[in-house]
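Residues per chain are reported as follows:
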Amino acid sequence: MFVVATAGHVDHGKSTLVRALTGMEPDRWAEERRRGMTIDLGFAWTTLPSGGTVAFVDVPGHERFVPNMLAGVGPVPAALIVVAADEGWMPQSAEHLAALDALGVAYGLLAVTRSDLADPGPATAQARAEIAATSLGAVPAVAVSGLTGAGLPELRAALDRLAAHLPAPVVDDPVRLWVDRSFTVRGSGTVVTGTLGAGRLRVGDELELAGADEPVKVRGLHSLGEARPEAAAVARVAVNLRGTPRDRLGRGDALLTPGRFHHTDLVDVRLAGDPAGDLPATLTLHVGSAAVPVRVRPLGPDTVRLRLARPLPLLVGDRALLRDPGRHHVSGGVRVLDVAPPPLARRGAAAARAQVLAELDGRPDLAGELRRRRLVRAGALVRMGVPVHAEPVAGDWLADPAHWRWLGERLTDEVARHAREHPLEPGMPVDALRQRLALPDRALVEALVRPPLRIHAGRVGAASADALPEPVARAVQRVRAEYGDRPFRAPEADRLVDLGLGPREIGAAVRAGALLRLADNVVLLPDALDDAVRVLAGLPQPFTLSAARQALDTTRRVAVPLLELLDRRGATRRLPDDARIVVT
Ligand SMILES: Nc1nc2c(ncn2[C@@H]2O[C@H](COP(=O)(O)OP(=O)(O)OP(=O)(O)O)[C@@H](O)[C@H]2O)c(=O)[nH]1
Ligand SMILES: [Mg+2]
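Residues numbered from 1 in each chain as written. Chains lettered and ligands numbered in written order. Predicted model: local features only at pLDDT ≥ 70, side-chain atom pairs only at ≥ 80, totals over all residues. Heavy atoms only, no water.

Visitor: How should the pattern of salt bridges be read in this particular structure?
Guide: This structure, assessed with the given rule, holds 39 salt bridges. Among the salt bridges present, the one from Arg-442 reaches Glu-446, with a minimum N-O distance of 3.9 Å. A residue pair is termed a helical-turn pair when its members lie 3 or 4 positions apart in one helix, as Arg-442 and Glu-446 do in helix α12 (residues 442–448) at four residues. Where Asp-527 meets Arg-480, a salt bridge forms, and the shortest distance between an N and an O atom there is 3.8 Å. Taken as a pair, Asp-527 in the loop between β29 (522–524) and α16 (528–537) and Arg-480 in helix α13 (residues 470–483) lie far apart in primary sequence, 47 residues in all. Taking relative accessible area as the criterion, Arg-480 reaches 33% and is therefore assigned partly exposed. Through salt bridges that share partners, Asp-268, Arg-305, Asp-338, Arg-353, Glu-369, Arg-372 and Arg-373 make up one connected network. (Salt bridge = Lys/Arg side-chain N within 4 Å of Asp/Glu carboxyl O. Helix = DSSP H or I, 4+ residues; strand = E, 2+ residues; numbered from the N terminus. Buried < 20%, exposed > 50% of the residue type's maximum accessible area, 1.4 Å probe, protein only.)

See below:
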């Protein structure tokens, strides 16, 4: 199936032509038929000579209903431009064409209708000249009469040729179905319709709806008036969302593949059309079937920041158009450059941003996004419309390679600085590093730690006990020199003070395994435990505290806590009469 939207001035015969081609009535409302004028979008379809199907979205031509027209053409990539032979090019011919051009519509046909009333030649020539200057370029033209049927076979053949030229839809892409109509069917509940431009829908699918907490479920699908288990792009579809209240969604909402779109109310865009400086401060942004008031902030000569009155699921590269409803003026097309732009708080930030935007063209660019964002979750980029084909540095975090190297150096510096400022601490806490480097996730800190640094007990420090701060290491060295041959004589409290070993220094030495603490202010060298067990094993078993003290050549101050420690470690056992034995 391919979908084509009509375009053209009021009363030029769009609906008559669609009716003649399809045998279906595009003017759905009684009021439309009474007034002989299309007000809202109409839908009809027919089979072409090739056997393919064309579905029409028939739009109103009256200037008051241009917003409805835009909701119809927004999601549709091909246009059937209708000009009446007897009237020629008219204001809404021009406005509709400007809209197609702004949206970048590249495929189309010209039908010169009412050719039974006047020579189609002049209208054809004028319309083709106007169209040639737009994104549509040179289009085939067919003179027709909806009244007599003249030219209809030629028009069908031309539609077939147009269909053959359209790019193949990407059916693996996520779904973003812009709703153009919603209504209630008795017994079935809420139904919405739209043009499925990419992706695939199946009965049972769960879809995301902006503003809804829970996914909505596809209860039923219709395409071309028939129930189907699935529909692949391109297709006109009617989706039954039984269980979703009708007032929860309508034209301008979108049904989305969950987790694949970022709802944004702030976008930076490139303009094609009026210069940024000429735009009024408020305009209406039309994209898909949505129309949203926006505040315009010029940045560069052809780039602006748009603040949307409500968030939309936009992707980098999306095309949209800006229109001034008051002046009936299409200001021009926009190409979305950034759907999550940085705030412009600092002085000069807007000018800097304009320079960045000058380099962007709306084509998703992973390396560029990483350079600009430095650190970003893969999922967030995908939701912006940037395909991800890079290895995460941690979890689903992606990093700009140069920034990541810089962070690694910063981490090393910070750890070294912390060691200087807190020589007795066994490394810098991971969370302090996370804050210091302004990283959003501990996992990033952990991924940045490289040998000789390591993470131990929630801190980042040097891997070995050589990391003992210089003064402590010197003090331990002196303990070794003075007490090495009397390993069970612990330095007295005042000697410890002389050596510069206060409680914090002792703590650091103990953590590094350089000293053994038996009690407050009672420390031995770390090999003392094994030596003690050897000496005690040489005594007649069991042995008393006093025998142990003499054999170890030490004082009660050391012997009591030393034996208690050996008991706790299971190297000695205390008997009921307070004597001990060495456990072998
Ligand atoms: N003689 C003649 N009259 C036509 C032809 N096509 C349309 N008309 C008449 O022109 C009038 C407008 O036709 P529509 O098909 O409603 O025009 P439209 O472009 O759909 O108008 P809007 O939807 O309101 O923009 C009707 O009275 C039609 O009968 C044609 O080919 N020949
Ligand atoms: Mg009509």
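Here the narrative resumes.
Visitor: Please explain the coordination of the magnesium ion (ligand 2) as it appears in this structure.
Guide: By definition of the ideal shapes, a tetrahedral metal site with four donors has angles of 109.5 degrees and an octahedral site with six donors has angles of 90 or 180 degrees. Here the magnesium ion (ligand 2) is held by the protein donor atoms Ser-15 (OG) and Thr-38 (OG1), which lie 1.9 to 2.0 Å from it. With a gap of 23 residues between them, Ser-15 in helix α1 (residues 14–22) and Thr-38 in the loop between α2 (30–35) and β2 (42–47) connect regions that are remote in the sequence. Grouping residues by exposure puts Ser-15 and Thr-38 together as buried. (Donors = N, O, S within 2.8 Å, 3.2 Å for Na, K, Ca; no water.)

Visitor: Explanation requested: the site of ligand 1 in the structure shown.
Guide: Taken together, 19 residues are adjacent to ligand 1, and Lys-14, Thr-16, Thr-38, Asp-116 and Gly-146 come closest. Interatomic distance of 2.8 Å between a backbone N/O atom of Ser-15 and an oxygen atom of ligand 1. A distance of 2.8 Å separates a nitrogen atom of ligand 1 from a polar atom in the side chain of Asp-116. With the chains in place, 82% of the 640 Å² that ligand 1 exposes on its own is no longer accessible. When its residues are assigned to classes, the shell around ligand 1 shows five nonpolar, ten polar and four charged. (Near = heavy atom within 4 Å. Polar contact = N/O pair within 3.5 Å; in protein donor to acceptor, adjacent residues only side chain to side chain. Areas by Shrake-Rupley, 256 points an atom, 1.4 Å probe, with all protein chains shown as cover. Nonpolar A, V, L, I, M, F, W, Y, C, P; charged D, E, K, R; others polar.)

Visitor: What should I look at first to understand the side chain of Asp-180 in this one?
Guide: In this fold, Asp-180 is placed in strand β7 (residues 176–185). Looking at Asp-180, its side chain comes within polar contact range of the side chain of Thr-193, at 2.6 Å. A polar side-chain atom of Asp-180 sits 2.7 Å from a polar atom in the side chain of Arg-236. In contact with Asp-180, other than residues within four places in its own chain, are Leu-41, Phe-43, Thr-193, Gly-194, Thr-195, Arg-236, Arg-251 and Ser-289. (Contact = heavy atoms within 4.5 Å.)

Visitor: In this structure, what is going on with the pairing of strand β26 (residues 453–456)? I would like to understand it.
Guide: Two faces, one strand: in a regular strand the side chains alternate between the faces of the sheet. Where β26 lies against strand β27 (residues 459–462), four bridges are found, and the strand directions are antiparallel. What sits directly across from Arg-454, in β27, is Gly-461. (Pairing = 2+ DSSP bridges.)

Visitor: When you look at the sheet that holds strand β15 (residues 235–240) in this model, what are you seeing that I'm missing?
Guide: The pairing of strands in a sheet happens through backbone hydrogen bonds and is either parallel or antiparallel. One open sheet holds the eight strands; their spatial order is β11-β10-β16-β7-β8-β15-β12-β13, and the pairing between them is antiparallel. Of all strands in the sheet, those bounded by a partner on one side alone are β11 (216–217) and β13 (226–227).

Visitor: Help me understand the packing of α1 against helix α6 (residues 152–165) in this model?
Guide: Any two packed helices are characterised by the angle at which their axes cross and by the distance between the axes. Running from N to C, α1 and α6 point in directions that differ by 85°, and their axes come no closer than 11 Å. Taken together, α1 and α6 sit at an angle that is classed as roughly perpendicular. Residue-level inspection shows Leu-17, Ala-20 and Leu-21 of α1 in contact with α6, the latter providing Leu-152, Leu-155, Arg-156 and Leu-159. Taken together, the residues of the contact of α1 with α6 break down into six nonpolar, no polar and one charged. (Axes fitted to C-alpha atoms, helices over the stretch in contact; angles between N-to-C directions. Parallel < 35°, antiparallel > 145°, perpendicular 65-115°, else oblique.)

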